[in-house]
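Each chain, written out:
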There are 2 protein chains.
Amino acid sequence: MLEPGQIADLTEQLDTDDAVAIIEDLEEHEQKAVLAEMEPEERAAVESALTYEEETAGRIMQRDMVAVPEHMNIGDLIDYLRKNDDLPTEFWEIYVVDPAHRPVGTCQLSWILRAARDIAVSDVMKREQTLIPVDMDQEEVALRFQKYNLISAAVVNEDGRLIGMITVDDILHIVEDEASEDVLLLSGAGEGDINEPIRDSYKARVRWLVANLATALVASFVISIFGGAIEQMVALAILMPIVASIGGNAGTQTMAVSVRALAMNELTRSNTRRIIGREFRIALLNGGTIAVLVGIGTALVFSNPMLGGVIAVAMLINIVIAGFAGIFVPVMLDRMDQDPALASSVFVTMITDTMGFLAFLSLAVGSGLVSF
Amino acid sequence: MLEPGQIADLTEQLDTDDAVAIIEDLEEHEQKAVLAEMEPEERAAVESALTYEEETAGRIMQRDMVAVPEHMNIGDLIDYLRKNDDLPTEFWEIYVVDPAHRPVGTCQLSWILRAARDIAVSDVMKREQTLIPVDMDQEEVALRFQKYNLISAAVVNEDGRLIGMITVDDILHIVEDEASEDVLLLSGAGEGDINEPIRDSYKARVRWLVANLATALVASFVISIFGGAIEQMVALAILMPIVASIGGNAGTQTMAVSVRALAMNELTRSNTRRIIGREFRIALLNGGTIAVLVGIGTALVFSNPMLGGVIAVAMLINIVIAGFAGIFVPVMLDRMDQDPALASSVFVTMITDTMGFLAFLSLAVGSGLVSF
């Protein structure tokens, strides 16, 4: 491990956002030791960034940027840029601010380069800007960048004053991380980093396996109620995993679609009802297809048309339930301000397993195939 | 729908890469009709882009960019930019080329703005560049952008000549799409767009449900072999879905980690063996924990220590198998040049279901709990 002084020296070379990214991952006592070794100015910048919540604009923004008053003309601006050594290492746009330091426009460097020296900066700048509130969630920030094809964006505080900027290269990593996070959360694999300590992987994963164990017990309890029925007809034990497995798969499909749509802000309160209707119709089509296949196959293999009918109806019921569960569970988690990717799998699988066994075995009893 | 002439007018307003993105999604006869209506120059640009394979650099690059000779100085360059109306609407870097039009350096606009007029462009440019071959896969291009924090990159043909540029805003969409694709492919939900026609969603999804049906039959066949054992002890039917379900979950965890690591180029031939070793140890820890919990619980609930021992051992075996399957299946698909996210789920679930039932039921027979 590096000494605090060495980490401090290294982070001082970086833009604030990169320095913060390194320091926020340290233990609290290490953070303090590193900050104590930093130059006062850098230290103040990092400390101020750390006052914002993790995964917000305040954490990912850099404080260094180029901001100029409206009345400057292109020639003044170029001279200012040439003379001023204290500018950030990389910038792609400059921000034009009013006397209260509130952004009034954004100017791409290419527009500056292509304009004559005597033109006012305010004539070249774009007035419609996407301003990022400092407490905005980073996922939301990334969506703005994608929606408006931004290369950089001004970050403002509660008073609307310019306090930093976010550049697209940081957004690229956030988009990658958030999307990967969904894959890994949905599978219950935690961080899912192949280089993290085995201990961390074990802790992250075993938690979900234990949760899965609890939900599997619910399904097993349902089966145990029908123990007598299974003793009468062992075909029920042979066939029931098929109903649960395909229901689980159908639920996972709908769930993945819902989770991505929620992450992309495409599934909103206003269209939830429409999407549920859409998934219901897909579930009827899927369920109908699978029901016919499984029903006919079962009737033939076991020479038992009633058993075929029972599994077909159970399959259809379970796939429709899976469709609802696949959308309902992520939407509910989202409304409860939980990450919809986090616990969706466990709940959806529990619902499809339990309802699959319940529908199949109770229909077997209800149809008179076996007695209770 | 718009008329071909209207689409042609619209796409002519766009950068080539955006025009291509629209036109490549049309049916072939629509493509021809639209191209026929375009101005010769735009048409040539789009047609040339369409000669490159889908999802390669050639498709996503724009042809318009700023390229200047090495001997130019900053003043000449600024005058050139001011006078030339034919430049792309947005650019963030300029490329410096040799007489054969091969890139020799890249120059950020901020460096140009900050340098004095008499300095040579070649003194300001960065000589180490990340050149993108025109046939490079877009996922690979996106990884380069992430790795080197690029804002734009020069695209070169087989002769090393500069033929286009790719900007980071396009990469943002690719990163998002590729990562989302993984979530949706893993779940078997196809495109997973909540706005696509129901017919398309049905076709994409039912295919995987049918595939899942086929694999579920394999598992059912294994159960049917042990029909006699289940008739003797109905507890086997009650418990066997637990073994399969948790094995499936453990397999999905490993699979998600492997698929993401493959997508990020972190899982390579050189470290596959190490990662398999890592997953094996995690599987032993997870399997051991779950085996103890399930074994003790079963022994107590069914007052049958032997049954507890059987399910514990079966659980451990299945979680270890799940760990291997979760890494082996995606890696094999990848080596066969298939997208590792595409069919992994179906295979991994088949393996964990089948091996779960097989291990549990055959151990029950082998231990003498039931006779075959």
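What you see is a predicted model; the values in this text were computed from it and never measured.

Observations concerning the domain arrangement of chain A
Here comes step 1: Segmenting chain A into domains produces domain 1 (4–51), domain 2 (67–168) and domain 3 (205–366).
Here comes step 2: Between domain 1 of chain A and domain 2 of chain A, the C-alpha centre-to-centre distance is 26 Å.

Side note on the relation of the copies chain B and chain A
Here comes step 1: Turning chain B through 180 degrees and shifting it by 0.0 Å along the axis lays it on chain A, with an RMSD of 0.1 Å. Viewed as a symmetry operation, the transformation between the two copies matches a two-fold axis.
Here comes step 2: Counting the interface residues of chain B, we find that 99% of their copies in chain A are interface residues as well, pointing to one common contact surface.

Describing the interface of chain B and chain A
Here comes step 1: Contacts between chain B and chain A engage 102 residues on the former and 101 residues on the latter.
Here comes step 2: Across the interface of chain B and chain A, roughly 9000 Å² is buried in total on both sides, 66% from carbon and sulfur atoms.
Here comes step 3: Among the residues of chain B in contact with chain A, Leu113(B), Arg114(B) and Ile194(B) are the three that bury the most area, contributing 10% of the side total.
Here comes step 4: Between the two partners, chain B and chain A, sit four salt bridges.
Here comes step 5: Here Glu176(B) and Arg260(A) are joined by a salt bridge, their closest N and O atoms 2.1 Å apart.
Here comes step 6: At the junction of chain B and chain A, the tally comes to 40 residue pairs in polar contact (both at pLDDT 80 or more).
Here comes step 7: The leading source of residues in the side of chain B that touches chain A is helix 13 (residues 235–263) of chain B, at 16 residues.
Here comes step 8: When the residues that make up the side of chain B that touches chain A are grouped by side-chain class, the tally is 57 nonpolar, 25 polar and 20 charged.

A few points about the pattern of salt bridges
Here comes step 1: Per the counting criterion, the structure on display carries 16 salt bridges over all chains.
Here comes step 2: In this structure, the salt-bridge partner of Arg59(A) is Glu24(A), at a minimum N-O distance of 2.4 Å. Of the two residues, Arg59(A) is situated in helix 5 (residues 57–60) and Glu24(A) in the loop between helix 2 (16–23) and helix 3 (28–37); the sequence distance between them amounts to 35 residues.
Here comes step 3: A single salt-bridge network, built from bridges that share partners, covers Glu176(A), Asp182(B) and Arg260(B).

Section: helix 14 (residues 272–301) of chain B
Here comes step 1: In this model, helix 14 of chain B (30 residues) spans 42 Å end to end at C-alpha, consistent with the 44 Å of a helix rising 1.5 Å per residue.
Here comes step 2: Downstream of helix 14 of chain B by one or two residues, Ser303(B) has phi in the positive range, about 45 degrees.

Focus on the pairing of strand 3 (residues 103–108) of chain B
Residues and elements named next belong to chain B.
Here comes step 1: Summarising burial for strand 3: five of the six residues are buried, a large majority.
Here comes step 2: Sheet topology places strand 2 (residues 93–97) next to strand 3; five bridges connect them, and they run antiparallel. Bridge pairing in strand 3 places Val-97 opposite Pro-103.
Here comes step 3: Count of turn residues in the strand 2/strand 3 antiparallel hairpin: five residues, of which His-101 carries a positive phi of about 65 degrees.

Some words on the packing of helix 1 (residues 4–12) of chain A against helix 3 of chain A
Residues and elements named next belong to chain A.
Here comes step 1: Where helix 1 contacts helix 3, the axes come no closer than 8 Å and their chain directions differ by 65 degrees. Handedness of the crossing formed by helix 1 with helix 3: right-handed. Between helix 1 and helix 3, the contacting residues are Pro-4, Gly-5, Ile-7, Ala-8 and Glu-12 on the first element and Ala-33, Val-34 and Glu-37 on the second.
Here comes step 2: Its residues placed into classes, the contact of helix 1 with helix 3 shows five nonpolar, one polar and two charged.

Notes on the state of the cysteines
Here comes step 1: Summed over all chains, the structure comprises zero disulfides over all chains.
Here comes step 2: Of all cysteine sulfurs, the one in Cys107(B) lies closest to Cys107(A), which takes part in no disulfide; the gap is 19 Å.
Here comes step 3: Looking at Cys107(A), the relative accessible area reads 0%, which means it is buried.

Description of empty space enclosed by the protein
Residue and element names in this part refer to chain A.
Here comes step 1: Going through the model one piece at a time under the given rule, you end up with five cavities of 30 Å³ or more.
Here comes step 2: Its boundaries defined by the atoms lining it, the largest cavity holds a volume of some 900 Å³.
Here comes step 3: Counted by class, the lining of the largest cavity contains 24 nonpolar, 19 polar and two charged residues.
Here comes step 4: When its volume is computed, the second largest cavity comes out at roughly 90 Å³.
Here comes step 5: Where the lining of the second largest cavity is concerned, the elements lending two or more residues are helix 9 (138–148), helix 10 (168–187) and helix 13 (235–263).
Here comes step 6: When residues of the lining of the second largest cavity are sorted by domain, at least three fall in each of domain 2 (67–168) and domain 3 (205–366).

Let's talk about a nonpolar patch on the surface
Here comes step 1: A cluster of nonpolar residues, Phe280(A), Leu284(A), Leu316(A) and Phe324(A), forms a patch on the protein surface that exposes about 320 Å² of accessible area.
Here comes step 2: By secondary structure assignment, the location of Leu284(A) is in helix 14 (residues 272–301).

Quick word on the environment of Trp111(B)
Here comes step 1: Note on placement: Trp111(B) falls in helix 7 (residues 109–114).
Here comes step 2: The class for Trp111(B) is partly exposed, based on a relative accessible area of 24%.
Here comes step 3: Between the alpha carbons of Trp111(B) and Val124(B) there is a distance of 6.6 Å; along the sequence they are 13 residues apart.
Here comes step 4: Excluding residues within four positions of it along the chain, Trp111(B) makes contact with Thr89(A), Thr106(B), Val124(B), Met125(B) and Lys126(B).

So, how was this worked out
Residues numbered from 1 in each chain as written. Chains lettered and ligands numbered in written order. Predicted model: local features only at pLDDT ≥ 70, side-chain atom pairs only at ≥ 80, totals over all residues. Heavy atoms only, no water. Domains from an automatic or database assignment. Least-squares fit on C-alpha atoms with pLDDT ≥ 70 in both. Contact = heavy atoms within 4.5 Å. Buried area = accessible area lost by both parts, 1.4 Å probe. Salt bridge = Lys/Arg side-chain N within 4 Å of Asp/Glu carboxyl O. Polar contact = N/O pair within 3.5 Å; in protein donor to acceptor, adjacent residues only side chain to side chain. Helix = DSSP H or I, 4+ residues; strand = E, 2+ residues; numbered from the N terminus. Nonpolar A, V, L, I, M, F, W, Y, C, P; charged D, E, K, R; others polar. Expected span 1.5 Å × (residues − 1). Buried < 20%, exposed > 50% of the residue type's maximum accessible area, 1.4 Å probe, protein only. Pairing = 2+ DSSP bridges. Axes fitted to C-alpha atoms, helices over the stretch in contact; angles between N-to-C directions. Left-handed = near helix turned anticlockwise from the far one by under 90°. Disulfide = S-S within 2.5 Å. 1 Å grid on protein atoms, 1.4 Å probe; cavity = no way out; pocket = protein on both sides within 12 Å on 5 of 7 lines; lining within 4 Å. Points joined across faces, edges and corners; volume = space filled by probe spheres on them. Patch = residues over 30% accessible without salt bridge, like charges linked within 9 Å, V, L, I, M, F, W, Y side chains within 5 Å. Areas by Shrake-Rupley, 256 points an atom, 1.4 Å probe, with all protein chains shown as cover.

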